[in-house]
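Here's the letter readout for the chains.
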Amino acid sequence: MSKYSFEEIVSHLKTSGYVYQGSEIYGGLSNSWDFGILGAALKKNIKDLWWKEFIEKKPYNVGIDSSILMNPRTWEASGHLKGFSDSMVDCKECKGRFRADKLIEESCGLSAEGKMPEEMDKMIEENHIKCPNCGKHNFTNARPFNLMFKTFIGTLEDSKSTVYLRPETAQGIFVNFNNVLRTSRKKLPFGIGQIGKSFRNEITPGNFIFRVREFEQMELEFFCKPGEDLEWYKYWVDTCYAFVKRLGIKEENLRVRPHSQEELSFYSKGTSDIEYAFPFTDWGEVWGIADRTDYDLKQHSEYSGQKLEYRDPITNEVYTPYCIEPSVGVERLMLMALCDAYDVEALENGDSRIVMHLHPAIAPVKACICPLVKKLSAEAKEVYEQLAEHFAVEYDEAGSIGKRYRRNDAVGTPFCITYDNDSLVDHCVTVRHRDDMSQERVSIDSLREYIEERTRF
Ligand code: ATP
């Protein structure tokens, strides 16, 4: 776990331009966040990287972009209308409202995931769980609360015009199964991925951007022949874990947790979560990988009356494929990367520096170009313009060079490039590295290649 408190990290992210409070000038909207200059760039880099690694570089996979609003029958078929609820309890004393499974987990460390409301009531009683706000033990019975946001389509606000903001992107993929098969000529196994907003009216959002009501998901639905599913399930658990490790996340802060038999959804043959030791909890889910069998395609076939099946081109055998789903939230992945990257280092001169050791591939700014003195600004700007064609770079001439280095360390910029008087003669610049503060002379002509090589994933 990070040696820094979550409060310290969050405060740095707020002041440095990663995240702003949502609707701040109106006093905010609880648990809503806006991504600032650096946060927006980091998010985009994470999404681009996922798309490259999971869609473009995997010959099996293709990407789509489906609508947030879907025919409500979708949510009947998927089970979300009936079953997408968390159990909530109210404290009768202070009126605090809690998600029952999280209350149990956080109070006595027992897992209540997938338990029925009555079972949770029993656990709250038996363990004499107290309200985290007021310390009393006086709760209402647990009752289900549907997490889907409702809205209306068109001019009438009645039950016939009710639609839902999607709580996951996955269903937009299942309903397009036949379209993708028809237009891609894919053969099994193949995957369909997408990135998009999802909405959940969480009972207890919180821990900054960890649990929010509006977030983005990067989901892949990977279809394969029944019988080959467990092999592919393992492949995707390993692939997702390797992705996280390549991002430079410290291994001691990571674990893969297979779900126990009683935690598994009734249709799942296996589910594992990649978890991170966030500073606010022991372990928090970042990425869920599930073998969903043929449940989703079969449900949509039944509810839509359209066959969602696959015909093997060689054997002519017709069957419903099994599906492996790796699903990750952009904000959670981002929070993990930021918590893991944050560091405060003591310097030889007695000062300290904040440094974000983000993987250069996702760092919001790749390099900052600094003239050593202002009279070299025209030449330094030329270097900036040359690099801006290829990378997200910045130009900074304000303050001492040491201060400029510190500012860039604190937001995770991997390189500072200083143009000095010698540069006029040798056409080289000093490249200063964020992580070890080492410096080297690099010719201006080779800067593009130099940065490209060192910011690759
Ligand atoms: P949790 O148990 O934390 O509520 P979940 O098991 O319901 O999560 P999934 O439905 O498996 O989550 O969603 C897949 C991924 O989407 C999660 O691993 C997480 O990264 C992300 N995610 C889910 N809910 C939220 C949320 N409210 N805010 C931010 N990200 C979320």
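Residues numbered from 1 in each chain as written. Predicted model: local features only at pLDDT ≥ 70, side-chain atom pairs only at ≥ 80, totals over all residues. Heavy atoms only, no water.

Turning our attention to the site of the ligand. By nearness alone, 16 residues border the ligand, and E202, R211, V212, E285 and V286 come closest of all. Contact distances for the ligand include 2.7 Å between an oxygen atom and a side-chain N or O atom of R211. The contact in question runs from an oxygen atom of the ligand to an N or O atom on the side chain of R332, over 3.1 Å. If the ligand stood free it would expose 600 Å²; the protein chains cover 85% of that surface. For the shell around the ligand, the class distribution of residues is six nonpolar, four polar and six charged. (Near = heavy atom within 4 Å. Polar contact = N/O pair within 3.5 Å; in protein donor to acceptor, adjacent residues only side chain to side chain. Areas by Shrake-Rupley, 256 points an atom, 1.4 Å probe, with all protein chains shown as cover. Nonpolar A, V, L, I, M, F, W, Y, C, P; charged D, E, K, R; others polar.)

Another aspect to go through is a negative patch on the surface. Together, E105, E106, E113 and E285 give the surface a local cluster of negative charge. Along the chain, E113 falls in the loop between α5 (100–108) and α6 (117–126). (Patch = residues over 30% accessible without salt bridge, like charges linked within 9 Å, V, L, I, M, F, W, Y side chains within 5 Å. Salt bridge = Lys/Arg side-chain N within 4 Å of Asp/Glu carboxyl O. Lys, Arg positive; Asp, Glu negative; His and termini not counted. Charge placed at Lys NZ, Arg CZ, Asp CG, Glu CD. Helix = DSSP H or I, 4+ residues; strand = E, 2+ residues; numbered from the N terminus.)

This paragraph deals with the side chain of D312. Note on placement: D312 falls in the loop between β14 (310–311) and β15 (318–319). In this structure D312 is buried but unpaired, with K225 as the nearest side chain of opposite charge at 4.7 Å. Ignoring sequence-local partners within four residues, the contact set of D312 consists of E317 and Y319. (Buried < 20%, exposed > 50% of the residue type's maximum accessible area, 1.4 Å probe, protein only. Contact = heavy atoms within 4.5 Å.)

What follows covers the pattern of salt bridges. Where charged atoms from two side chains of opposite charge come close, those side chains can pair. In total, this model carries 38 salt bridges according to the counting rule given. Of the charged contacts in the structure, one is a salt bridge between D409 and R406, with a shortest N-O distance of 3.9 Å. In this pair, D409 and R406 both sit in helix α13 (residues 401–411), three residues apart, roughly one turn of the helix. Its relative accessible area of 30% is what places R406 among the partly exposed residues. A salt bridge links E453 to R454, with the shortest nitrogen-to-oxygen separation between them at 3.6 Å. Residue class for E453 comes out partly exposed when judged on its relative accessible area of 46%. What you see here is one network of salt bridges that share partners, running through D86, R99, D101, E202 and R211.

In this fold, M437 is placed in the loop between β22 (428–433) and β23 (439–443). For M437, a relative accessible area of 30% gives the class partly exposed. The sequence separation of M437 and C416 amounts to 21 residues, and the corresponding C-alpha distance is 9.8 Å. Among residues more than four places away in sequence, those in contact with M437 are E345, L347, R353, R406 and R432.

Turning to the packing of helix α2 (residues 37–56) against helix α11 (residues 330–341), a few remarks are in order. The contact between α2 and α11 brings their axes to 10 Å, and the two run at 110°. Considering the angle they form, α2 stands roughly perpendicular to α11. Taking contact as the criterion, the partners of G39, L42, K43, I46 and K47 in α2 are, on α11, V330, E331, L333, M334 and L338. A per-class count over the contact of α2 with α11 returns six nonpolar, one polar and three charged. (Axes fitted to C-alpha atoms, helices over the stretch in contact; angles between N-to-C directions. Parallel < 35°, antiparallel > 145°, perpendicular 65-115°, else oblique.)

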